[in-house]
Amino acid sequence: MKEIIVVNPHEVEVREVEIPKISNEYEVLVKMKSAGVCGSDFHIYHGTNPCSTYPRIPGHENAGIVSAVGNKVTKVKVGDHVIVDLIMTCGECYQCKIGRKNVCENVRVRGSGADGGWREYFTAPQDEVYKISDDVPWKDAALVEPFAIGAHCTQRGRVVKDDVVFILGTGTIGSIILQTCKAKGCKTVICCDVNDDSLERAKKYGADYVINSKKDDIIQKVNEITNGKGVSIGFDSACFPGSLTLLMQPGILRNAGRVVPMGFVTEPEAITQAMINQRELDIIGSRMSCNQFEPTIKHMENHDFVLEGVATTFIKFSEIEKVFGHMDKPDPSVKKMVILFD
């Protein structure tokens, strides 16, 4: 089989290796059919992902067919279509025992701290493999993981239908957070971006208001929309240096508001205790997802999401160099790539 390895930043190899063998009775061999390309994969390639190590096979948005199973596997069978979880946990630490396995103290993440799915076959324990209907096309199955992130971060943010939501950045994750908030019944969702095409797409996904921060004053627009009250929750899915400080400005978040940052920017920001405590804001961390794969798969099977346009560019695994070409020379029309295996 072939596998893709980022040996070091900007150094990629395609290697031919033996197909892995089942190593224990509870393991599953998955033949890959589709894999999403995430912003974190860009960061791995460019050497800017603080959670990654090298050499590394990228890929944490993985869908495939069960090719073989261990003797004691009961959750899936050969031929099943499956999604593979991205996290590997110990099950024994404090975090695992309180239901927060996504931040397990020994967590390893496929495609970042452990090898991921940009290869034709790999193995995983049955507890990290979830069945999905054969009716879901492979190009859509690869989107389960990012939609699970949308489910997790909105749960972490305690989103309810009465919330007035502000989403900074309407790329893939921002668009998914938007759809998830609308599915929860939120009547007012404001999306902010610098790209008109992304904002037009957000309107199709249900955005009630859009703000182009290159052309408009964000605080003025938010005050117009909310009658000077501000929003009750803001999601930072833009994740650039200074984006969290921007979102926490008075005039955007109202008193008792919540902020959910989605990124891993390492540069310090100009946030003070007074900015938090004068309005008693909640800053709520959110990483990956926890126990959201199975409910997200159900939503996917029930056609509860608008998937058209979430992924814009589909590339054959045999032409993987095109993926890295887009990483080297980003094209604004390429919102999200999905790799389709031959």
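To start, this report covers the structure provided alongside it. For clarity, every value in this text was computed on a predicted model and none was experimentally measured. (Residues numbered from 1 in each chain as written. Predicted model: local features only at pLDDT ≥ 70, side-chain atom pairs only at ≥ 80, totals over all residues. Heavy atoms only, no water.)

## Notes on the overall build of the protein chain
Okay, so step 1: Of regular secondary structure, the protein chain possesses eleven helices and 17 strands.
Okay, so step 2: Here the protein chain has a C-alpha radius of gyration of 20 Å; the compact-globule value for 342 residues is 20 Å, and the two agree.
Okay, so step 3: The principal-axis extent of the C-alpha atoms belonging to the protein chain is close to 60 × 45 × 40 Å.
Okay, so step 4: Within the protein chain, buried positions represent 49% of all 342 residues.
Okay, so step 5: The contacts in the protein chain between residues at least 6 apart in sequence include a share of 71% that link residues at least 24 apart.
Okay, so step 6: Measuring between centres, the 40 positive side-chain charges of the protein chain sit 4 Å from its 45 negative side-chain charges. (Helix = DSSP H or I, 4+ residues; strand = E, 2+ residues; numbered from the N terminus. Rg over C-alpha atoms; globule rule 2.2 N^0.38 Å. Buried < 20%, exposed > 50% of the residue type's maximum accessible area, 1.4 Å probe, protein only. Contact = heavy atoms within 4.5 Å. Lys, Arg positive; Asp, Glu negative; His and termini not counted. Charge placed at Lys NZ, Arg CZ, Asp CG, Glu CD.)

## Observations concerning the sheet that holds strand β15 (residues 282-283)
Okay, so step 1: Taking strand neighbours across the sheet as the criterion, the six strands line up as β12-β11-β10-β13-β14-β15 in an open arrangement whose pairing is parallel. Single-partner strands in this sheet number two, and they are β12 (209-212) and β15.
Okay, so step 2: Relative to strand β13 (residues 231-236), strand β10 (residues 164-168) is paired through four bridges, and the arrangement is parallel. Across the sheet, residue Val 165 finds its bridge partner in β13, namely Ile 233. (Pairing = 2+ DSSP bridges.)

## Re helix α10 (residues 293-301)
Okay, so step 1: All of the buried residues in α10 are Phe 293, Thr 296, Ile 297 and Met 300. When α10 is viewed along its axis, its buried side chains cluster within an angular range of 105° and face the same direction. Those residues of α10 that are exposed and angled more than 90 degrees off the buried face are Glu 294 and Lys 298.
Okay, so step 2: Packed against the buried residues of α10 are β5 (81-84), β9 (129-131), α3 (138-141) and α4 (144-156).
Okay, so step 3: One or two positions beyond α10, positive phi appears at His 303, with a value near 60°. (Arc of directions from axis to C-beta.)

## Quick word on the packing of aromatic side chains
Okay, so step 1: This structure, assessed with the given rule, holds five aromatic pairs.
Okay, so step 2: Arranged with centres 5.1 Å apart and planes meeting at 50°, the rings of Tyr 45 and Phe 324 form a pair that is tilted. Residue Tyr 45 is located in helix α1 (residues 39-46), and its partner Phe 324 is located in helix α11 (residues 321-328); the two are separated by 279 residues in the primary sequence.
Okay, so step 3: Exposure remark for Tyr 45: the relative accessible area of 5% places this residue in the buried category. (Phe/Tyr/Trp six-rings, centres within 6.5 Å; stacked < 30°, edge-to-face > 60°.)

## Remarks on the pattern of salt bridges
Okay, so step 1: Applying the stated criterion across every chain yields a total of 17 salt bridges.
Okay, so step 2: Among the ionic pairs, Lys 203 bridges to Glu 200, the shortest N-O distance being 3.1 Å. Here the residue Lys 203 and the residue Glu 200 both occupy positions in helix α6 (residues 196-204), the gap between them amounting to three residues, near one helical turn.
Okay, so step 3: A relative accessible area of 43% means that Lys 203 is categorised as partly exposed.
Okay, so step 4: Among the ionic pairs, Lys 322 bridges to Glu 319, the shortest N-O distance being 3.1 Å.
Okay, so step 5: What you see here is one network of salt bridges that share partners, running through Lys 77, Asp 80 and Lys 131. (Salt bridge = Lys/Arg side-chain N within 4 Å of Asp/Glu carboxyl O.)

## Considerations on the side chain of Ser 175
Okay, so step 1: Of note, Ser 175 is situated in helix α5 (residues 172-183).
Okay, so step 2: Side-chain polar atoms of Ser 175 contact the backbone oxygen of Thr 170, separated by 3.2 Å.
Okay, so step 3: Here Gly 171 takes part through its backbone oxygen, which lies 2.8 Å from a polar atom of the side chain of Ser 175. (Polar contact = N/O pair within 3.5 Å; in protein donor to acceptor, adjacent residues only side chain to side chain.)

## Observations concerning the packing of α1 against α11
Okay, so step 1: Running from N to C, α1 and α11 cross one another at 80°; their axes reach a closest spacing of 10 Å. Taken together, the axes of α1 and α11 lie roughly perpendicular to each other. Across the interface between the two elements, Asp 41, Phe 42, Tyr 45 and His 46 from α1 touch Phe 324, His 326, Met 327 and Asp 328 from α11.
Okay, so step 2: Residues that form the contact of α1 with α11 fall into these classes: four nonpolar, two polar and two charged. (Axes fitted to C-alpha atoms, helices over the stretch in contact; angles between N-to-C directions. Parallel < 35°, antiparallel > 145°, perpendicular 65-115°, else oblique. Nonpolar A, V, L, I, M, F, W, Y, C, P; charged D, E, K, R; others polar.)

## A short note on the side chain of Lys 33
Okay, so step 1: For Lys 33, the position within the fold is in strand β3 (residues 27-37).
Okay, so step 2: An unpaired buried charge is present at Lys 33: no salt bridge exists, and Asp 342, the closest side chain of opposite charge, is 8.5 Å distant.
Okay, so step 3: The contacts of Lys 33, once residues within four sequence positions are left out, are Ala 63, Gly 64, Ile 65, Trp 138, Ile 339, Leu 340, Phe 341 and Asp 342.

## Overview of unusual backbone geometry
Okay, so step 1: In this structure, Pro 55 follows Tyr 54 across a cis peptide bond, with omega equal to -5°.
Okay, so step 2: In this fold, Pro 55 is placed in the loop between α1 and β4 (61-69).
Okay, so step 3: With a phi close to 60°, Arg 158 is a non-glycine residue in the positive phi region.
Okay, so step 4: Secondary-structure assignment places Arg 158 in the loop between α4 and β10.
Okay, so step 5: Given a relative accessible area of 44%, Arg 158 falls into the partly exposed group.
Okay, so step 6: Positive phi values are uncommon outside glycine, yet Glu 280 reaches one of about 50°.
Okay, so step 7: Mapped onto the elements, Glu 280 comes out in the loop between α9 (273-277) and β15.

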